[in-house]
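Structural overview
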Amino acid sequence: MKKYWLGIESSCDETACAIVSPDLMVLANPLYSQIKEHNKFGGVVPEIAARAHLEKINPIAQKAFEQAQINPEQIQAIAYTCGPGLMGPLLVGASFAKGLAVDLGIPAYGINHLEGHLAAAHLSHPDLDAPYLSLTVSGGHTELVMVEPQFKYSLIGRTRDDAAGEAFDKCGKLLGLDYPAGSQVSKLAATGNRKFVRFPRAFHKQDHGEFSFSGLKTSVLRYTQTHSPEFIQENLNHICASLEEAIVSVLVEKSIWALKKTKAHTLVVGGGVSANGHLRTQLQKYCDKNQLRLAMPALEFCTDNGAMIAAAAILRQRQNLLPTLSKVSAWMPLAK
Ligand code: KG4
Ligand code: ZN
């Protein structure tokens, strides 16, 4: 009987489960997005998120089994996100994973969410291998990390305040867009003039790999206070294009700085913001021109999903480096 991995992601506002084969084929990757539940509050409300995960995790896991056309006995192990993330939501995923693992008599492994985002690129690039430089850009994180063989990480630089996704979301909110605003800013930007407003780029041309986006937020706030709502509305595509340019140009500039500094030949990008078309095109241009390899996840694996969590566990298992502490063993015989 062929065996598979079940990947569970519940660190923020997506309840996601996936069935993935040991050779990284994704058989099913359903998720429930809680966006509508958080929309009216303009951001994720942790308590609401935890309750929604509790409600949806079982139906989403069942959906994964149905879509993959396998039964739970065909699962060899479970991988779940153990952090970083919101405490309540993480607890729901971990409890579900451990409960199911004990019931099925299989192990459950806690996986770092950021490692999951990097593993997402491996789903589309199965031959990808460390060492490589990574850029993780999500709603909660923005960091450049050198990944060495055997999952050894060294931090090159990270944001001192807001994350890139957070900058998209918060600036988008100031412009009247719904949460999460990243993909809407990007859609509007497609028809806009990127030079319409010159928003600030923190640490521009400075010799380090750190980021800062809080000043950009203040600048967009000032812009909305000094221009009429009608003007903002009429020029929303140009303002969004200028905002996207301010964020993306810094991400690209610092990635180039880090590629030169580390002399890495490969850049791996992960996290929700890696779905951004402008970022993808700009990085591709630079890497092509400089004969560097660029590995990005397919669009469906950029934002939070269960497949990336399973993939991270599979990559670790291949090197015998699964986290043993999270392995669940039944402490008493369980009634079936
Ligand atoms: O990785 P993710 O799903 O969740 C976290 O781990 O945070 O990332 C979500 C973030 C949000 O801030 C969202 O606005 C952003 O990714 N995002 C985008 C795009 N799609 C999602 N930002 C810019 N352009 C996009 N196309
Ligand atoms: Zn994420």
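Described below are features of the structure shown in this document.

**Describing the site of ligand 1**
In the neighbourhood of ligand 1, 18 residues make up the surrounding shell, with His117, Gly139, Asp169, Gly272 and Asp304 lying closest. Between ligand 1 and His117, the relevant distance is 3.0 Å, taken from an oxygen atom to a side-chain nitrogen or oxygen of the residue. Of all the elements in the fold, those that place two or more residues in the shell around ligand 1 are α4 (113-124), α5 (164-174) and α6 (182-189). Ranked by the residues each element gives to the shell around ligand 1, the list is headed by α5, at three residues. In the shell around ligand 1, the residues fall into four nonpolar, twelve polar and two charged. Built from parts of two domains, the shell around ligand 1 gets at least three residues from each of domain 1 (4-120 + 301-334) and domain 2 (128-300).

**Regarding the packing of aromatic side chains**
In total, this model carries four aromatic pairs according to the counting rule given. Judged by centre distance (6.0 Å) and plane angle (35°), the ring pair of Trp5 and Tyr109 falls under tilted. Within this pair, whereas Trp5 is found in strand β1 (residues 4-9), its partner Tyr109 is found in strand β6 (residues 108-112), the two being separated by 104 residues in sequence. On the accessibility criterion, Tyr109 (9% relative accessible area) is buried. With a centroid separation of 5.8 Å and an interplanar angle of 75°, the aromatic rings of Phe199 and Tyr223 are classed as edge-to-face. Residue Phe199 is located in the loop between α6 and α7 (214-226), and its partner Tyr223 is located in helix α7; the two are separated by 24 residues in the primary sequence. One exposure class covers both Phe199 and Tyr223, and it is buried. In this structure, Lys56 packs its charged tip against the face of Tyr32, placed 4.6 Å from the ring centre. A cation over a ring is seen here: Arg316 above Phe151, with NZ or CZ 4.4 Å from the ring centre.

**Describing the pattern of salt bridges**
All chains considered together, the criterion is met by nine salt bridges. Close ionic contact of Arg293 with Asp127 constitutes a salt bridge, the shortest N to O distance being 3.0 Å. Taken together, the residues span a long stretch of sequence, with Arg293 in strand β11 (residues 293-295) and Asp127 in the loop between α4 and β7 (132-137) at a distance of 166 residues. Of the charged contacts in the structure, one is a salt bridge between Lys217 and Asp162, with a shortest N-O distance of 2.8 Å. One end of the pair, Lys217, is in helix α7; the other, Asp162, is in the loop between β9 (152-158) and α5, with 55 residues separating them in the sequence. What makes Asp162 buried here is its relative accessible area of 8%. The structure contains a network of salt bridges with shared partners spanning Arg194, Glu244 and Glu245.

**Here we look at the coordination of the zinc ion (ligand 2)**
Here the zinc ion (ligand 2) is held by His113 (NE2), His117 (NE2) and Asp304 (OD), and the distances to it run 2.0 to 2.1 Å. Sequence positions of the residues that donate to the zinc ion (ligand 2) give the spacing H-x3-H-x186-D. Placement of the pair is His117 in helix α4 and Asp304 in the loop between β11 and α11 (306-318), with a sequence separation of 187 residues. Among the residues examined, His117 registers a relative accessible area of 0% and is labelled buried.

Definitions and limits used
- Residues numbered from 1 in each chain as written.
- Chains lettered and ligands numbered in written order.
- Predicted model: local features only at pLDDT ≥ 70, side-chain atom pairs only at ≥ 80, totals over all residues.
- Heavy atoms only, no water.
- Near = heavy atom within 4 Å.
- Polar contact = N/O pair within 3.5 Å; in protein donor to acceptor, adjacent residues only side chain to side chain.
- Helix = DSSP H or I, 4+ residues; strand = E, 2+ residues; numbered from the N terminus.
- Nonpolar A, V, L, I, M, F, W, Y, C, P; charged D, E, K, R; others polar.
- Domains from an automatic or database assignment.
- Phe/Tyr/Trp six-rings, centres within 6.5 Å; stacked < 30°, edge-to-face > 60°.
- Buried < 20%, exposed > 50% of the residue type's maximum accessible area, 1.4 Å probe, protein only.
- Lys NZ or Arg CZ within 6 Å of the ring centre and 35° of its normal.
- Salt bridge = Lys/Arg side-chain N within 4 Å of Asp/Glu carboxyl O.
- Donors = N, O, S within 2.8 Å, 3.2 Å for Na, K, Ca; no water.

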